[in-house]
Amino acid sequence: QKATHSENSQGKKSQHTEEANFYMNCRAAYLSVLKSSLENIRSREQLSLVLQQAGRNPSQKTIDKYWTSQTTALNFDDFCAILKQEKPVTKTELLEAFGKIDTDKTGYILHDELYKILTTRGDKMTWDEVNTITKQADFNCSGKFDYSKFCASYLSTREQSCRSARERLEVDSRLRQQQFGNQAETSSEGLALPVPKPSPRISKKTDHRLPKGDSRAPSRPSSAQSSKASTCPSASVGSSSNRSTKLIEPDTMKEWQCAQSKGCFYLEDDGEIVSHKYRVHFPQRSSVCVTIKPLTVPHIEGEPCHWLSVDTALFILKENETQEDLQLVSFTEVQTKEMFGWKGELGSGNYWLLPFTTGCRLRKEKTQITGEAKLVYRDKDGELALTKDFRAALLDIFEMIDLDGNGLLSLEEYNFFELRTSGEKCDEEAWAVCKENFEMKRNELTRQGFLDLNLMEAMDREGDPSDLWVTLLSLGYNKALEMTEACPFVIDVSAERGQPTMKAVCLEAGGSQLSRAVCRAVVNKGQPKGLDGSENIMVHTYKSGRRITSVIENKSENKVIIRVNNEQSKNCLNNRGLTVFAVEVAPKSMMVCQHVVPLNEQEEWIYNCVHSLV
């Protein structure tokens, strides 16, 4: 019995190793072609290339099988499934295929015969492509093709290609983390001070490179067997519980002094979310109330606002005396409808507000937009003018980027817009030129001035809307002029004593500061549970209103890969877009595993997740 048990254990261990190697090779091939496993395959050519990186040599028939007329994108998960179906060709299969041509079994094929077959049968090759093969001295001699040597060379090259991709993945820690779409963070409580910097989107308007659409698609070993598993506490949440917690605002708060600012979450091409970050100053210790909620743009009232269902939160961090670190104070966990808030007492000094959204609802569009909205037209006099729909969209944009809500754009506010749409800033000299050409008040751009500035951009291009579309797409609009990949919000800070001041400092991804703050908040307030059979791995789960977040903490000296299975959950939507996936957690670190919200907020939702050590 002991011998049988040992054999079974060895068999399972071998299976786990094989499964882990398979997915590591999948990721290595994928990241040889694409920047991130969150990025989708967008064309037949990309599919063919990434399959080749995985050691396959797909025929046109194979590509047609997986990329049909209805296919617009394939994610990393789809790619893994394809590789499981399309096994790499073996040496025996190659030799058998060439043997059918070499009827005399000489081990050679005449070049003339090879040209005839390869250019007329199956996936027809061009003469130049066949020439590339016949000119290789390693397996050609005297007008004959030695297919046995060719097979050996082909298999050796394929193995080298796969090995090189794997080596690049192993040595690049950034790619190893990126492959799962994770954000592994050290367990230190100190947070580095955010440094103002331009938006990560640096495409110039004159490049006319429009953003690619992607959906979040982390990797998942869907059939991987687990040696150790742990089930998180099941959470059943009724539809009415989404509104069960209230941010009580007593009448006395009406006398409190307030500061307000708008901002926006923007979805990047690779699924990353960027937003404004804020610095707040309190002149004296005071009771404080901080809230955030999606912004309803006045100009489109009565029409659906896709972003109003996006969950929002704020993490409050305190600068220390040296201003080198940020310390997590708290976060907005009390909810009233779409508003999330926090009330408490804060000492005097500087604080940072880091906006946050889970990415469950703010994600890349899957619906393909046919056609393109018209942005400009020529009037009866032949002059260019903005269409009614584009004009309305520009007024909405003005409301979003007018951070202080005074109906005017300061140079600072306008530069957030410029950094987002072009990667550049407008200096004082250029702003003075704007003042000469467009309507301003108190050295700030008016709504009409903003409209005229965009009209001039169209006139500079003689009606070509390419630059205008770069602006719109970078601000989260689609070709139907619907804002589907951005979420404007408004932040209110109230203090009982002393006038608080708030300023948007930068527009960038949350990065390590925000990720670590989320981890620390969940660990501090969540429910911990050890992974069965592994006391060094903890899963922390925190539920707040209509949002659940889980964090995996790895206390061991080795990296671990955790399989996450949500198949027993009901009416749930997570930020990774997959029911089953895997995450890699570095030694002595913690990382966000997933965020979960109800798919349908009017119905009961049940969160029941199983974590397994691969």
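Residues numbered from 1 in each chain as written. Predicted model: local features only at pLDDT ≥ 70, side-chain atom pairs only at ≥ 80, totals over all residues. Heavy atoms only, no water.

Draft legend 1. Region of the structure containing helix H2 (residues 44–53). Among the residues of H2, those classed as buried are Leu47, Ser48, Val50 and Leu51. Remark: Gly55 follows H2 within two positions and exhibits a positive phi of approximately 85 degrees. (Buried < 20%, exposed > 50% of the residue type's maximum accessible area, 1.4 Å probe, protein only. Helix = DSSP H or I, 4+ residues; strand = E, 2+ residues; numbered from the N terminus.)

Draft legend 2. Up close: the packing of helix H6 (residues 111–120) against helix H7 (residues 127–134). Contact pair H6 / H7: the axes reach a minimum separation of 10 Å and the direction vectors enclose 140 degrees. By the angle class used here, H6 and H7 are oblique. Seen from above, H6 lies across H7 with right-handed handedness. Taking contact as the criterion, the partners of His111, Leu114, Tyr115, Leu118 and Thr119 in H6 are, on H7, Trp127, Val130, Asn131, Ile133 and Thr134. For the contact of H6 with H7, a count of residues per class yields six nonpolar, four polar and no charged. (Axes fitted to C-alpha atoms, helices over the stretch in contact; angles between N-to-C directions. Parallel < 35°, antiparallel > 145°, perpendicular 65-115°, else oblique. Left-handed = near helix turned anticlockwise from the far one by under 90°. Contact = heavy atoms within 4.5 Å. Nonpolar A, V, L, I, M, F, W, Y, C, P; charged D, E, K, R; others polar.)

Draft legend 3. How the structure looks around unusual backbone geometry. For Lys105, which is not glycine, the phi dihedral falls at a positive 55 degrees. Checked against the element boundaries, Lys105 lands in the loop between helix H5 (91–101) and strand S1 (108–110). If you check the backbone angles, Asn571 has positive phi at about 55 degrees while not being a glycine. With respect to the helices, strands and loops of the structure, Asn571 is situated in the loop between strand S25 (560–565) and strand S26 (572–574).

Draft legend 4. Focus on the UniProt feature "domain: EF-hand" (unreviewed entry) in the protein. UniProt feature "domain: EF-hand" (unreviewed entry): in the numbering of this structure it lies at residues 89–124. A helix fraction of 58% and a strand fraction of 8% characterise residues 89–124, whose end C-alpha atoms lie 19 Å from each other. (UniProt positions renumbered as here; feature names shortened; annotations may be inferred.)

Draft legend 5. Quick look at the packing of aromatic side chains. Scanning the model with the defined rule gives 21 aromatic pairs in all. Centroid distance Tyr30 to Phe79: 5.4 Å. Interplanar angle 50 degrees. Geometry classified as tilted. Here Phe79 lies in helix H4 (residues 76–85) and Tyr30 lies in helix H1 (residues 2–33), a separation of 49 residues in the sequence. Taken as a pair, Tyr30 and Phe79 share a single burial class, namely buried. (Phe/Tyr/Trp six-rings, centres within 6.5 Å; stacked < 30°, edge-to-face > 60°.)

Draft legend 6. Up close: the sheet that holds strand S3 (residues 144–146). Taken in spatial order, the three strands line up as S1-S3-S2 in an open sheet, and their pairing is antiparallel. Lying at the two open borders of the sheet, with one neighbouring strand each, are S1 and strand S2 (140–141). The sheet contact formed by S1 and S3 spans three bridges and is antiparallel. Note on S3: the bridge partner recorded for Ile109 is Phe145. (Pairing = 2+ DSSP bridges.)

Draft legend 7. The nonpolar core, seen in detail. Grouped together as the largest cluster of nonpolar side chains are 71 residues, with contacts concentrated most on Leu353, Ile397, Leu445, Phe450, Ile491 and Val493. No other element matches helix H10 (residues 388–401), which puts eight residues into this core. Each of domain 4 (250–364 + 487–513) and domain 5 (376–483) accounts for three or more of the residues forming this core. Phe450 has contacts with Leu394, Ile397, Phe398, Ile401, Leu409, Phe417 and Leu445, leaving out every residue within four places of it along the chain. (Core = buried A, V, L, I, M, F, W, Y, C linked by side-chain atoms within 4.5 Å. Domains from an automatic or database assignment.)

Draft legend 8. View of helix H14 (residues 466–474). Of all nine residues in H14, eight are buried, a share of seventy percent or more. Taken together, the buried positions of H14 are occupied by Asp467, Leu468, Trp469, Val470, Thr471, Leu472, Leu473 and Ser474. Buried residues in H14 make contact with strand S8 (257–267), strand S16 (376–378), H10, helix H11 (411–421) and helix H13 (447–460). Where H14 ends, the next residue or the one after it, Gly476, has phi of about 95 degrees, a positive value.

Draft legend 9. Quick look at the pairing of strand S15 (residues 349–356). Counting buried positions over the eight residues of S15 gives seven, a clear majority of the element. One ladder, built from five bridges, connects strand S9 (residues 273–282) with S15; its direction is antiparallel. Looking across to S15, one finds that Arg279 is bridged to Trp352. As defined by bridge partners, strand S11 (residues 313–319) adjoins S15 across six bridges and the pair is classed as antiparallel.

Draft legend 10. Focus on the pattern of salt bridges. One pass over the full model with this rule turns up 20 salt bridges. The partner of Arg547 in a salt bridge is Asp311, with the nearest N and O atoms 3.7 Å apart. Of this pair, Arg547 sits in strand S24 (residues 547–554) while Asp311 sits in the loop between strand S10 (286–294) and S11, and the two are 236 residues apart along the sequence. As far as the burial class goes, Arg547 and Asp311 line up, both buried. Each of Lys262, Glu399 and Arg447 takes part in salt bridges that share partners, so that together they form one network. (Salt bridge = Lys/Arg side-chain N within 4 Å of Asp/Glu carboxyl O.)

Draft legend 11. Structural detail: the confidence of the model for the protein. Looking at the protein, the pLDDT average stands at 82 and 81% of residues meet or exceed 70. For the protein, strand S4 (residues 184–186) is the element with the lowest average pLDDT, namely 40, and strand S19 (residues 444–445) is the one with the highest, namely 96. When the criterion is pLDDT under 50, residues 173–227 qualifies, and its contacts beyond four places in sequence or with other chains add up to 195 contacts. Here residues 240–245 scores under 50 on pLDDT; set against residues more than four positions off or in separate chains, the count is 13 contacts. (pLDDT = per-residue confidence, 0-100.)

Draft legend 12. Region of interest: the packing of H11 against H14. The contact between H11 and H14 brings their axes to 9 Å, and the two run at 105 degrees. Judged by the angle between their axes, H11 and H14 are roughly perpendicular. Across the interface between the two elements, Phe417, Arg420 and Thr421 of H11 pack against Val470, Thr471 and Ser474 of H14. Counted by class, the contact of H11 with H14 contains two nonpolar, three polar and one charged residues.

Draft legend 13. Spatial organisation of the environment of Ala259. If you trace the backbone, Ala259 turns up in strand S8. Taking the C-alpha atoms as reference points, Ala259 and Val290, 31 residues apart in sequence, are found 9.8 Å from one another. Not counting residues within four places of it along the chain, the set of residues in contact with Ala259 comprises Ile491, Asp492, Val493, Gln499, Pro500 and Met502.

Draft legend 14. The environment of Glu86, seen in detail. Inspection of the secondary structure puts Glu86 in the loop between H4 and H5. Along the chain, Glu86 and Thr62 lie 24 residues apart, while their C-alpha atoms are 8.6 Å from each other. The residues contacting Glu86, other than those within four sequence positions of it, are Arg56, Thr62, Lys65 and Tyr66. Among the polar contacts made by the side chain of Glu86, one reaches the side chain of Tyr66 at a distance of 2.6 Å. (Polar contact = N/O pair within 3.5 Å; in protein donor to acceptor, adjacent residues only side chain to side chain.)

Draft legend 15. Geometry of the side chain of Gln335. Inspection of the secondary structure assignment puts Gln335 in strand S13 (residues 334–336). Classification of Gln335 by relative accessible area gives buried; the value is 1%. At 2.8 Å, the side chain of Gln335 and the backbone oxygen of Lys337 are in polar contact.

Draft legend 16. Representation of the environment of Thr421 within the structure. Here Thr421 is to be found in helix H11. Of note is the side chain of Thr421, whose polar atom sits 2.9 Å from the backbone oxygen of Phe417.

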